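# Secondary and tertiary structure notes
One letter stands for each residue in the lines below.
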Amino acid sequence: QVQLAESGGGLVQAGESLRLSCAASGSIGSINAMYWYRQAPGKQREFVASISRSGVPLYATSVEGRFTISRDSAKNTVYLQMNRLKPEDTAIYYCRMNSRTNDFWGQGTQVTVSS
């Protein structure tokens, strides 16, 4: 019954910013880590960023220094602030959340960066 709803994707020019949000609904229980992944056309899904329950972030090298992950645990929500976007950031972005017993994924939101 758990659903993860993503929002904030869109079409922007290189150098601009977007902020993605993902909120979980339903009986998800206590959420541990939260994550963002992305998948470009013809490529496998790759890790972008994660944040632990205590708020410790981890980033892929390709986005470190430009992206910031944050969470509002009370609202079961994870955010991804994306600055200085590049065309190579174009992908479908997926959120993921873990509870003690389950792993949940969103359906993705499209981010397109034009040059």
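Below is a short write-up of the structure. In this text the structure is predicted, and so the values were computed from the model without any measurement. (Residues numbered from 1 in each chain as written. Predicted model: local features only at pLDDT ≥ 70, side-chain atom pairs only at ≥ 80, totals over all residues. Heavy atoms only, no water.)

### Quick look at the sheet that holds strand β1 (residues 3–7)
What counts here: Two strands qualify as a pair provided DSSP detects at least 2 bridges between them. Put simply, DSSP H or I for four residues or longer makes a helix, DSSP E for two residues or longer makes a strand, and each gets a number counted from the N terminus. Axis angles are defined between N-to-C directions and span 0 to 180 degrees, where every axis is a line fitted to C-alpha atoms and, for a helix, only to the segment in contact.
Read across the open sheet, the 4 strands follow the order β1-β3-β8-β7; overall the sheet is antiparallel. Unpaired on one side and paired on the other, β1 and β7 (67–72) mark the two borders of the sheet. Strand-to-strand twist in this sheet, taken as the mean axis angle between neighbours without regard to direction, amounts to 15°. Pairing geometry for β1 and strand β3 (residues 18–25), over 5 bridges, is antiparallel. Directly across from L4, in β3, lies its bridge partner A24.

### A closer look at the side chain of E6
Counted only if it meets this: Any residue under 20% of the maximum accessible area for its type is buried, any over 50% is exposed, and the rest in between are partly exposed; the area is computed with a 1.4 Å probe on protein chains only. Here Asp and Glu are counted as negative and Lys and Arg as positive; His is not counted, and neither are the chain ends. A carboxyl oxygen of Asp or Glu within 4 Å of a side-chain nitrogen of Lys or Arg is what we treat as a salt bridge. Counted as a polar contact is a pair of N or O atoms within 3.5 Å, where, for protein atoms, one must be capable of donating a hydrogen and the other of accepting one, and residues adjacent in sequence contribute only when both atoms are in side chains. Note on definitions: a residue-residue contact is assigned when non-hydrogen atoms from the two residues lie within 4.5 Å.
Note that E6 resides in strand β1. Among buried Asp, Glu, Lys and Arg side chains, E6 stands out as unpaired, with R45 the closest opposite charge at 7.8 Å. Side-chain polar atoms of E6 contact the backbone nitrogen of C95, separated by 2.6 Å. Polar contacts involving the side chain of E6 include one to the main-chain amide nitrogen of Q107, which spans 3.2 Å. Those residues in contact with E6 that lie beyond four places of it in its chain are S21, C22, W36, Y93, Y94, C95, G106, Q107, G108 and T109.

### Digging into the side chain of R96
Topologically, R96 is positioned in strand β9 (residues 91–99). A distance of 2.7 Å separates a polar atom in the side chain of R96 from a polar atom in the side chain of Y37. For R96, the side chain forms a polar contact with the side chain of D103, separated by 2.8 Å. Once residues lying within four places of it in the same chain are set aside, the contact partners of R96 are L4, A33, M34, Y35, Y37, D103, F104 and W105.

Structural measurements only, silent on function.
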